[in-house]
Amino acid sequence: QVQLVESGGGLVQPGGSLRLSCAFSGDLFSIYGVGWYRQVPGKQRELVAAITRAGTTNYADSVQGRFDISRDNAKKMVFLQMNSLKPEDTAVYYCNANRPYDKDSWGKGTLVNVSS
């Protein structure tokens with residue numbers, strides 16, 4: 001069974017940076033696609049960035065050029081480097097792991113608060 005644990009959230013001023021981490025426990029991490037989603041109260045959870053098992057990345061338009069997703073298959077970790085943060089990036093960020101013919105796995109989330 002897959003478990004995901006996020007860390008690295010917190011309070012940051014506009015223009016600042018944060019690096020989120022997601023620790024994957026379970027087998028066969030390298031065959032999973034992984035990604036980061038975020039959610040604010042009253043809105044649907046949205047994709048922020050994703051990386052396939054082959055290393056192909058995909059970003060939401062709102063974060064393109066500011067955020068960078070990466071993975072370390074040896075350490076079973078996923079990272080989200082967030083730069084030039086804006087107040088509208090404030091949300092709970094969730095780690096996701098997915099593979100064909102299996103339900104998605106989710107972490108419990110980490111809060112990112114961009115405020116002066």
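Our structure's up above, just so we're on the same page.
A short tour of the structure in this document, coming up.

The rules behind these values
Residues numbered from 1 in each chain as written. Predicted model: local features only at pLDDT ≥ 70, side-chain atom pairs only at ≥ 80, totals over all residues. Heavy atoms only, no water. Pairing = 2+ DSSP bridges. Helix = DSSP H or I, 4+ residues; strand = E, 2+ residues; numbered from the N terminus. Axes fitted to C-alpha atoms, helices over the stretch in contact; angles between N-to-C directions. Phe/Tyr/Trp six-rings, centres within 6.5 Å; stacked < 30°, edge-to-face > 60°. Lys NZ or Arg CZ within 6 Å of the ring centre and 35° of its normal. Disulfide = S-S within 2.5 Å. Core = buried A, V, L, I, M, F, W, Y, C linked by side-chain atoms within 4.5 Å. Buried < 20%, exposed > 50% of the residue type's maximum accessible area, 1.4 Å probe, protein only. Contact = heavy atoms within 4.5 Å. Salt bridge = Lys/Arg side-chain N within 4 Å of Asp/Glu carboxyl O.

Re the sheet that holds strand 1 (residues 3-7)
Taken in spatial order, the four strands make up an open sheet running 1-3-8-7, and their pairing is antiparallel. Here the strands that pair on one side only, and so sit at the sheet edges, are strand 1 and strand 7 (67-72). Between one strand axis and the next, the sheet turns through 15° on average, direction left out of account. Judged from the six bridges that link them, strand 7 and strand 8 (residues 77-82) form a sheet pairing that is antiparallel. Residue pairing for strand 8: Phe67 is matched across the bridge by Met82.

Overview of the packing of aromatic side chains
Summed over the entire model, instances satisfying the criterion amount to three aromatic pairs. Every member of this aromatic cluster is reached through a ring pair, and the members are Phe24, Phe29 and Tyr32. Stacked on the ring of Trp106, the Lys or Arg Arg45 has its end atom at 4.7 Å from the ring centre. Over the ring of Phe29 we find Arg71, and its NZ or CZ is 4.6 Å from the ring centre.

Points about the state of the cysteines
If you walk through the whole model with that rule in mind, you get one disulfide. Put simply, Cys22 and Cys95 are joined by a disulfide, and their sulfur atoms are 2.1 Å apart. The disulfide joining Cys22 to Cys95 has a torsion of about -85° about its S-S bond and is therefore left-handed. Pair noted here: Cys22 is in strand 3 (residues 18-25) and Cys95 is in strand 9 (residues 91-98), with a separation of 73 residues, a long-range link.

Some words on the nonpolar core
The biggest cluster of nonpolar side chains holds 29 residues, and the ones touching the most others in it are Trp36, Val48, Phe67, Ile69, Leu80, Met82 and Tyr93. The set of elements that each furnish at least two residues to this core consists of strand 3, strand 4 (33-39), strand 5 (46-51), strand 7, strand 8, strand 9 and strand 11 (110-114). In contact with Ile69, not counting residues within four places along its chain, are Val34, Gly35, Trp36, Ala49, Ala50, Ile51, Thr57, Tyr59, Val78, Phe79 and Leu80.

Quick look at the environment of Val112
Structurally, Val112 can be placed in strand 11. With 103 residues separating them along the chain, Val112 and Gly9 place their C-alpha atoms 4.9 Å apart. Leaving out residues up to four positions away in the same chain, Val112 has contacts with Gly9, Gly10, Leu18, Leu20, Met82, Asp89, Thr90, Ala91 and Tyr93.

Some words on the pattern of salt bridges
Counting across every chain of the model gives four salt bridges. Here Arg38 makes a salt bridge to Glu46, at a shortest N to O gap of 2.7 Å. On the basis of relative accessible area, Glu46 is assigned to the partly exposed category, the value being 37%. Of the charged contacts in the structure, one is a salt bridge between Arg38 and Asp89, with a shortest N-O distance of 3.0 Å. Here Arg38, found in strand 4, pairs with Asp89, found in the loop between strand 8 and strand 9; they are 51 residues apart in sequence, far enough to count as distant. Per residue, the accessibility class of Arg38 equals that of Asp89, and both read buried. It is possible to trace a salt-bridge network through shared partners that takes in Arg38, Glu46, Arg66 and Asp89.

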